[in-house]
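Coordinate inspection notes
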Amino acid sequence: MNIQHEDNGTRGKFYIEIDNKQEAEMTYRYKNNNTIDIDHTEVKETLKGQGIGYKLIDAAVSFMRENNLKAAPSCSYAKAVFEKKQDQYKDVIA
């Protein structure tokens, strides 16, 4: 399963397409030059229970580390993942 990424400098998303149909996504917006707000995470029923949400967050964390960004998530799912994995993600939490 390939996680794709789009970023237009203001907003972005990590997503998974299956048969040219988006089945999972995690969206974000830039709060400023070095902080993003992960504002939405959604995984379609057909993919639930496979850890897809975690994979999307992990992809975002890799992107943040590569680009010296921090996260201030407003999405309840993303907040919960960052709280649960705070030791692993402490370098990217705003």
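Before reading on, note that the structure itself is shown above.
Residues numbered from 1 in each chain as written. Predicted model: local features only at pLDDT ≥ 70, side-chain atom pairs only at ≥ 80, totals over all residues. Heavy atoms only, no water.

Glancing now at the packing of aromatic side chains. We describe a pair of aromatic rings using the distance from one ring centre to the other and the angle between the two ring planes. The tally for this structure, following the rule as stated, stands at six aromatic pairs. Where Tyr28 meets Tyr30, the ring centres are 5.9 Å apart and the plane angle is 75 degrees; that geometry is what we call edge-to-face. With centroids separated by 6.0 Å and ring planes inclined at 35 degrees, the aromatic side chains of Tyr28 and Phe63 adopt a geometry described as tilted. Within this pair, whereas Tyr28 is found in strand β3 (residues 21-32), its partner Phe63 is found in helix α1 (residues 52-66), the two being separated by 35 residues in sequence. By relative accessible area, Tyr28 is classed as buried at 0%. Every member of this aromatic cluster is reached through a ring pair, and the members are Phe14, Tyr28, Tyr30 and Phe63. A cation over a ring is seen here: Lys13 above Tyr15, with NZ or CZ 4.8 Å from the ring centre. (Phe/Tyr/Trp six-rings, centres within 6.5 Å; stacked < 30°, edge-to-face > 60°. Helix = DSSP H or I, 4+ residues; strand = E, 2+ residues; numbered from the N terminus. Buried < 20%, exposed > 50% of the residue type's maximum accessible area, 1.4 Å probe, protein only. Lys NZ or Arg CZ within 6 Å of the ring centre and 35° of its normal.)

Next up on the list: the pairing of β3. In this structure, strand β2 (residues 11-18) lies alongside β3, joined through eight bridges in antiparallel fashion. Paired with Ile16 across the strands is Ala24, a residue of β3. Sheet topology places β3 next to strand β4 (residues 35-43); eight bridges connect them, and they run antiparallel. Bridging across to β4, Tyr30 finds its partner in Ile36. (Pairing = 2+ DSSP bridges.)

Quick look at the pairing of β2 now. Sheet analysis places strand β1 (residues 3-7) next to β2, joined by five bridges and oriented antiparallel. Bridging across to β2, Asp7 finds its partner in Gly12. The hairpin formed by β1 and β2 contains three residues between the paired strands, and Gly9 there has a positive phi angle of roughly 90 degrees. Count of turn residues in the β2/β3 antiparallel hairpin: two residues, of which Asp19 carries a positive phi of about 55 degrees.

Geometry only, nothing functional implied.
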